[in-house]
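Coordinates in review
Residue-level listing of the chains:
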Amino acid sequence: MLRDSALRWTRRTLGVLAAVLLAVWLWPRPGELGAGPGAGGDTLERIRSAGVVRVGFANEAPYAYVDTRTGRLTGEAPELARLIFRQLGVPEIEGVLTEFGSLIPALKAGRFDVIAAGMYITPQRCKEIRFSDPTYAVGEAFMVRAGNPLDLHGYEDLRDTSGATIGVVSGAIQLQYARAVGIPDERIVIFPGAPSAVDGVAAGRASAYAATALTINDLLSRTSAPLERAMPFEDLVLDGKVIKGYGAFGFRKSDEALLEAFNSVLAGTIGTPMHAKIVEPFGFTPDMLPGEVTAASLCEAPAG
Amino acid sequence: MIEFLQMHLPPLVAGLRVTLQLTVGGAICALVLAVLAGLGRRSRRRWLRWPANVYVEVFRGTSAMVQLFWFYFALPFFGVSLPALLTGVIVLGLNSGAYGAEVVRSAIDHVPRGQWEAGRALNMSEARIMFRVVLPQALPMMLPPAGNLLIELMKNTALVSLITLSELTFTAQVQRAATLETVPLFALTLLIYFLLAQVLLTGMRHLERSVTRHRGQRA
């Protein structure tokens, strides 16, 4: 009897203890309930006085991702953002991770202040947000199964190969390219993210995964699946122009002052040895500099 | 194997913490709402019954994912900018609460009418009958479906990756993006969810047992 009640007492105490420990562990830490900056007001002034700017990213190497070994937000866009915001008097950047398709709504809702995800400038996106001037330009590529069994070497090639399907990532520009070339929707497979697209091609869910050459190279360097980059690759030409993607930072339309300040520092940075040193580890080479192309000209062009 | 766990387990545990925060917070929120709306739907007063009905039908009848999106991305345009974690807890709570309200209502409806009549015959007030006679009998009937809802809620937490919260599933996606080890990573994630569900179910079973012990044997 005595042992029985002692046992029950011990069990109850342990149970309460476990519950208390769990509650302590789960209790929100300072900052976890931060409401985010909230739209409105002068953003530049606010982030200067806070000393930190929140940037949205979608975890896509090599553009913007978390290095899982160090936990640091890195990639072409965050590193460049660090450099530029430091010159604007904002010493720190804080990453907000979200899905690629949620970046624009989250920016507009004031969940962060800048999109630093290497996002392409497109006329459609220009209707929603403002872009900085581009920081790089890159062409297209396909990822296919080893040996390229369907012999795919470009968008038109894929369109004219019966039974071939194209994989794209949801929210990414390649869906528009595929449609513009005339690939019917039933032959377009939309994946939720780059890793799913890689697995999808490996598992035969799509014949090719279309993305920028940079993305494809980066993914191939990390996967062990029997996949390769389709070579040679015919450049995509729409309306007589070779299609290249121009990546940039995204801002809210109301943040004129911030965008202007950002652009002026950016103009003095792009193409300098300092810039090259920062982005080179991510596979960005001097031939990928955007040249004279501006955000304004890219916003006007008809959809790629 | 050890290396795999060393690399992926710490971030997954951090993700599990967010999943648990959402589950516990959402469950508390859902419990309160389920009782209020469940009782409200049975009320004879129209000003109680109507809001309860509207709440239950709206949140049962629309997609939880769209609700999350709406609360997180659309509400700020109306001047309400809730933190991500709080948004997740509220939306998950509102959702499960709507289903829970039906559990509460149907359990109360299933207590035989004679119990009410007996209470009245003893000159008890309606509220007293509800809390001393009917609810104690309805409670054991509510618990099994409530356990189901709790598991549902726990699994629904995976939806919140939409609103910039890195819970378990999203963390697994991030780790997967870094190493492309899809199969072992998702196997580990499934295992964590399964174990979590077992813990929750064990808790619910304990609760059921203690409630029926106190109330004596019921069919």
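Residues numbered from 1 in each chain as written. Chains lettered and ligands numbered in written order. Predicted model: local features only at pLDDT ≥ 70, side-chain atom pairs only at ≥ 80, totals over all residues. Heavy atoms only, no water.

**Remarks on the overall build of chain B**
- Looking only at helices and strands, one finds 8 helices and 0 strands in chain B.
- What you see in chain B, going N to C, is helices and strands ordered as α-α-α-α-α-α-α-α.
- Seen along its three principal axes, the alpha-carbon backbone of chain B occupies a region of about 70 × 45 × 20 Å.
- For chain B, with 219 residues in total, the buried portion stands at 48%.
- The long-range share in chain B, meaning contacts at least 24 apart out of those at least 6 apart in sequence, stands at 74%.
- When the accessible area of chain B is evaluated, it comes to approximately 11,400 Å², of which 67% is carbon and sulfur surface.
- Across chain B, the 20 positively charged side chains and the 10 negatively charged ones have centroids separated by 12 Å. (Helix = DSSP H or I, 4+ residues; strand = E, 2+ residues; numbered from the N terminus. Buried < 20%, exposed > 50% of the residue type's maximum accessible area, 1.4 Å probe, protein only. Contact = heavy atoms within 4.5 Å. Areas by Shrake-Rupley, 256 points an atom, 1.4 Å probe, with all protein chains shown as cover. Lys, Arg positive; Asp, Glu negative; His and termini not counted. Charge placed at Lys NZ, Arg CZ, Asp CG, Glu CD.)

**A closer look at the sheet that holds strand 8 (residues 140-145) of chain A**
All names here are of chain A.
- Across the sheet, 5 strands lie side by side as 10-9-11-8-12; this open sheet has mixed pairing. Looking at strand neighbours, the two that pair on one side only are strand 10 (188-191) and strand 12 (227-229), the edges of this open sheet. Strand after strand, the sheet turns through a mean of 30° between neighbouring axes, direction not considered.
- Relative to strand 11 (residues 208-212), strand 8 runs antiparallel, the two sharing 5 bridges. Note that in strand 11 the partner of Glu140 across the bridge is Thr212.
- Each of strand 8, strand 9 (166-169), strand 10 and strand 11 is contacted by helix 7 (residues 174-181), which is oriented at about 175° to strand 10, the strand it contacts most.
- Running at roughly 45° to strand 8, helix 8 (residues 194-202) makes contact with strand 8, strand 9, strand 10, strand 11 and strand 12 of the sheet. (Pairing = 2+ DSSP bridges. Axes fitted to C-alpha atoms, helices over the stretch in contact; angles between N-to-C directions.)

**Structural notes on the pattern of salt bridges**
All names here are of chain A.
- On inspection of all chains with the given rule, the structure shows 21 salt bridges over all chains.
- The residue Glu256 makes a salt bridge to Arg130 at a minimum N-O spacing of 2.5 Å. Note that Glu256 is positioned in helix 10 (residues 256-267) and Arg130 in strand 6 (residues 130-131), a separation of 126 residues in sequence.
- Its relative accessible area of 38% is what places Glu256 among the partly exposed residues. (Salt bridge = Lys/Arg side-chain N within 4 Å of Asp/Glu carboxyl O.)

**Description of the packing of helix 1 (residues 2-42) of chain B against helix 7 (residues 168-179) of chain B**
Residues and elements named next belong to chain B.
- It is the contact of helix 1 with helix 7, at a shortest axis distance of 7 Å, that shows an interaxial angle of 155°. Comparing their axes, helix 7 and helix 1 come out roughly antiparallel. Of the two possible hands of crossing, helix 1 and helix 7 adopt the one that is right-handed. Note on element contacts: helix 7 touches helix 1 through Leu168, Thr171, Ala172, Gln175 and Thr179, opposite Met7, His8, Pro11, Leu12, Gly15, Leu16 and Thr19. (Parallel < 35°, antiparallel > 145°, perpendicular 65-115°, else oblique. Left-handed = near helix turned anticlockwise from the far one by under 90°.)

**Description of the nonpolar core**
- In this structure, Phe85(A), Phe142(A), Tyr155(A), Ile166(A), Tyr209(A) and Phe249(A) are the most contacted members of the largest nonpolar core, which totals 78 residues.
- Counting residues in hydrophobic clusters, the runner-up holds 66 residues, among them Ala58(A), Ala101(B), Leu153(B) and Leu165(B). (Core = buried A, V, L, I, M, F, W, Y, C linked by side-chain atoms within 4.5 Å.)

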